[in-house]
Structures are given as structure tokens and as C-alpha cells.
Amino acid sequence: KLAEAIAAWVIAAVKDESVRDHPPGSSITEVCRSSTPLEILVQSMDSSKVHTELQGADQLRVQQTLGVLARAFLVQDEKLREAVVSAVVSAIIAPVLCAVQAPLPREMIAAVDAAAKLSASAVIQSVFMNSSSLCSLAKLRLENEITASARAEMMTHVIQTSVHTASSSRILVCGSSSWLSYQRLWNDHVVKVLEQLIVAVDRGAKSRTTHGANEANDLAATIAAVVDGMESHVSEVRDSLRFAKLGLLLVTRFPDSLATDPQLSASFQRAMKASSSFLASSVLARLP
């Protein structure tokens, strides 16, 4: 019954904006107290009635409605269990993010922000470990530039709100199943996501007064993976100013990392020397 009630509200809210202004409070409370929040939300979102009723509906209105619903769950007065936050992210937010084809409406962005405050790891996992988002942005760009741009914009926002430690950044770029490993070809969209990642890691590092050995290792692994990718893919983004700016970010934010690892420094220098951007020589001049 709960799944049906939520599904009915979604259908009505997509059709009527006045309904969207009043999320189903009692149903939301019951789901939050349920022992199976994910099961209920998956049933409500995947019901045949929802798919039938919303077929052909304006996608912006659908995204706005789902954003309002997700945020209504996440801003409850009572302390939310991790299982509830994870369920909302997995069943409501992630399917929208991973299928995004145009800039997200503010309602969905607000839901992402609310989710990140409660469980940044759930947001990262749902977006960057999701099979539908593990795709090549370069390939996507060839098919549809607007979709590729929107996808990159969504990813940078998720990183901005959810990546606060080197361990959370490492899972994005390290390993054969990481998001970065699926970027077989690089373009400005890939570099843009990596730029935001470096900024987020630097911000997180500066916000902590102490750094454990694991954090230091994760930071080193993150930087090494990005630099290795830069050297491997420079031929694809040789003319890109953004690529050179990524190099500038690294040498400005993490000069010690480049200075203390000769192999890393050599790899970084090869990437910058192969770049034809006017900024590359300035980046090289900044190397310690």
C-alpha cells in the first residue's frame, strides 16, 4: 500500500504542479520507519503504473517531482537511518542522475545536496559505481554533445558535494573497475571532472589538521592515477587549454607530491611537454 501511495503521488505531481508542492508526508514517515525502505521505494518507482502513466511525460517535470520527493525524505526532523538514505539515493536519485540528458533542475540538485550531507559515500557509490554511468564521456559526446556536457556537469556537482577525503576520490580513479578506467578516450568533459576531483581532494586535505597513513596513501594513489592518465591520453587532448589547467592545478595544489616522486614527476613532465597549449610551458616552469 505504501508503494502504491507514493507511486500515485508521483503520477499526480508530474501532471499537477500544485500537488508537487505537498509531498505525501504520512507515507514518507511510514517508509522511514519501515524495515524495508529500499524494497518499498523500488516498488513505487518501478511499478508498471508509474511507467505507463509517465510514458511521454515531460522529463523536466518528472525530475522536478522526484527531486521534491527525495528531498522530502531527506530533510525529516527525526534522525534518518543509513538504510533510508541509501534507499532514497538508490531508488529515486541515482536513476535520474545516471540517465541525465540535460542540465538537472534545482529540485534534483537540492536533493543531491541533502543526500550528500547525510551520506556522501552513498551518493558517490550510486553515481560513479553505477553500471549506467560507467560509460565513456568521449563516446557519449560523439552521440550527443548536450548529454555528455550534462553528464559531466552532474558528475562535477556530485564530486563537489560528496568527495571530502582521498579515500573517496581514490575509488573514482584507481583500479580496473573505476570510473576513470572506463574513459578509454579523454576529452574536455573527462578533464573537467578530474579538475573538480583535484580541487575537492585538496579542499578536504586542507580541512584536516591530521592525516593518517591510509589517507596519505590514498592521496598519493589518486594523484598518481590522474597523472598516469594524463600521460597516457595527452595525444587526445593535446590542444586542450583545460588539460593544461589540470596540470596547473596539480602543480599548484600538490607540489610536494610531484617533487618527492621522481617517476611521478617524469610522467607529469612528459604529459605537459606533449601538450601544445600555451599554458603548458608555464606549468612546467612551476615544477619544484
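Summarised in this report is the structure supplied together with it. Just so you know, these numbers come straight off a predicted model, no measurement behind them. (Residues numbered from 1 in each chain as written. Predicted model: local features only at pLDDT ≥ 70, side-chain atom pairs only at ≥ 80, totals over all residues. Heavy atoms only, no water.)

### Some words on the packing of helix α15 (residues 241–253) against helix α17 (residues 262–274)
- For the pair α15 and α17, interaxial distance at closest approach is 10 Å and the crossing angle is 150°. Relative to α17, the element α15 lies roughly antiparallel. Crossing geometry of α15 relative to α17 is assigned as left-handed. Of the residues in α17, those in contact with Phe-243, Ala-244, Gly-247, Leu-250 and Val-251 of α15 are Phe-268, Ala-271 and Met-272.
- Split into classes, the residues belonging to the contact of α15 with α17 amount to 7 nonpolar, 1 polar and no charged. (Axes fitted to C-alpha atoms, helices over the stretch in contact; angles between N-to-C directions. Helix = DSSP H or I, 4+ residues; strand = E, 2+ residues; numbered from the N terminus. Parallel < 35°, antiparallel > 145°, perpendicular 65-115°, else oblique. Left-handed = near helix turned anticlockwise from the far one by under 90°. Contact = heavy atoms within 4.5 Å. Nonpolar A, V, L, I, M, F, W, Y, C, P; charged D, E, K, R; others polar.)

### Description of the layout of surface pockets
- For the largest pocket, the calculated volume is near 580 Å³.
- For the largest pocket, the lining is made up of 24 residues, of which Gln-59, Val-62, Leu-66, Pro-95 and Val-96 are closest to its centre.
- Listing elements by their share of the lining of the largest pocket, those giving two or more residues are α4 (37–46), α5 (48–54), α6 (59–74) and α7 (82–97).
- Class assignment for the residues of the lining of the largest pocket results in 17 nonpolar, 6 polar and 1 charged. (1 Å grid on protein atoms, 1.4 Å probe; cavity = no way out; pocket = protein on both sides within 12 Å on 5 of 7 lines; lining within 4 Å. Points joined across faces, edges and corners; volume = space filled by probe spheres on them.)

### Considering the side chain of Ser-34
- Looking at the element boundaries, Ser-34 is found in the loop between α3 (25–33) and α4.
- Here Ser-34 is in contact with Ile-40 and Arg-81, once residues within four sequence places are set aside.

### A short note on the nonpolar core
- Formed by 96 residues in total, the largest nonpolar core has its most connected members in Phe-73, Ile-92, Ile-93, Trp-179, Leu-194, Met-230 and Phe-268.
- Ranked by the residues each element gives to this core, the list is headed by α7, at 10 residues. (Core = buried A, V, L, I, M, F, W, Y, C linked by side-chain atoms within 4.5 Å. Buried < 20%, exposed > 50% of the residue type's maximum accessible area, 1.4 Å probe, protein only.)

### A word on helix α14 (residues 213–233)
- When the terminal C-alpha atoms of α14 are compared, their 30 Å separation across 21 residues agrees well with the 30 Å that a helix rising 1.5 Å per residue should span.
- When α14 is considered as a whole, its buried residues turn out to be Glu-215, Asp-218, Leu-219, Ala-221, Thr-222, Ile-223, Ala-225, Val-226, Val-227, Gly-229, Met-230 and His-233.
- Tucked inside the fold, the buried residues of α14 contact α12 (166–173), α13 (188–207), α15, α16 (255–260) and α17. (Expected span 1.5 Å × (residues − 1).)

### Describing the packing of α3 against α6
- Contact pair α3 / α6: the axes reach a minimum separation of 10 Å and the direction vectors enclose 55°. Comparing the axis directions of α3 and α6 gives the class oblique. When you trace α3 past α6, the crossing you get is right-handed. Of the residues in α6, those touching α3 at Ile-28, Val-31 and Cys-32 are Leu-69, Ala-72 and Phe-73.

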